[in-house]
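Overview (structure and organization)
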Amino acid sequence: QVQLVESGGGLVQAGGSLRVSCEASGRTLSDYTMGWFRQAPGKEREFVASVGKNGVDKYYADSVKGRFTISRDNTKNTVYLQMNSLKLEDTAVYSCAADQHTEVAHRIGGLYDYWGQGTQVTVSS
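Here we summarise the structure given alongside this text.

Parameters and conventions
- Residue indices follow the written sequence of each chain, beginning from 1 at its first position.
- Reporting in this predicted model follows two pLDDT cut-offs: at least 70 for local features of residues, and 80 or more for side-chain atom pairs to be given and counted; totals over whole chains, interfaces and linings ignore these cut-offs and use all residues.
- For side-chain calculations, the full set of non-hydrogen atoms in the structure is used, while hydrogens and water are omitted.
- Put simply, two rings from Phe, Tyr or Trp (the six-membered ring, in Trp's case) pair if the centres are within 6.5 Å, and we call them stacked under 30 degrees between planes, edge-to-face over 60, tilted for the rest.
- Working definition: helices are DSSP H or I runs of at least four residues, strands are E runs of at least two. Numbering for both runs from the N terminus.
- Salt bridges are identified by distance alone: a Lys or Arg side-chain nitrogen within 4 Å of an Asp or Glu carboxyl oxygen.
- Here the term buried applies to any residue with accessible area under 20% of the maximum for its type, exposed to any over 50%, and partly exposed to those in between, with areas from a 1.4 Å probe on protein chains only.
- DSSP-based pairing: two strands are paired if at least 2 bridges between them are found.

A closer look at the packing of aromatic side chains
Overall, the coordinates contain six aromatic pairs when judged by the stated rule. For the pair Phe37 and Tyr112, a centre-to-centre distance of 5.3 Å together with 80° between the ring planes defines the contact as edge-to-face. With Phe37 in strand β4 (residues 33–39) and Tyr112 in the loop between β9 (92–99) and β10 (114–115), this pair connects stretches of sequence that are 75 residues apart. Here Phe37 and Trp115 contribute two aromatic rings whose centre-to-centre distance is 4.9 Å and whose plane-to-plane angle is 55°, an arrangement assigned as tilted.

Shown next as structure tokens:
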């Protein structure tokens, strides 16, 4: 079993940048395909980005493509989400998730086995 802890959230102005991190413990991160999801108040959880076990295969939601970058550092057991050109609509709780069975990046939340508690990202005007 793996434990996931997110960090790096905060308040940022529209157009700014922020990097959130997800540190894994208990198991080696390279055993998992990793994903980032977000949930805004009153809305359903939505997929943001995913990176496959090999670290090369990546998949992004259309709403963040070109602005967000997912990466993984298996030596640090950490996955990152670099967020640039932030918009008001990016405000949400961002959670990371781990899928031990799937090799490639994907957006299917139900396939992720483990989830972190989330970190709040607030974009102000």
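Observations concerning the pattern of salt bridges
Two side chains bearing opposite charge may form a pair once their charged atoms approach each other closely. Taken as a whole, this structure holds six salt bridges when the rule is applied. Where Asp62 meets Lys65, a salt bridge forms, and the shortest distance between an N and an O atom there is 3.1 Å. Residue classification places Asp62 among the exposed positions, given a relative accessible area of 67%.

Some remarks on the pairing of strand β5 (residues 46–51)
Most of β5 is tucked away, with five of its six residues classed as buried. The loop that links β4 with its antiparallel partner β5 comprises six residues; one of these, Gly42, has a positive phi angle of about 75°. Across three bridges, β5 lies against strand β6 (residues 58–60) in antiparallel orientation. The partner of Val51 across the bridge, within β6, is Lys58. The hairpin turn running from β5 into β6, its antiparallel successor, is six residues long, and Gly55 in that turn takes a positive phi close to 80°.

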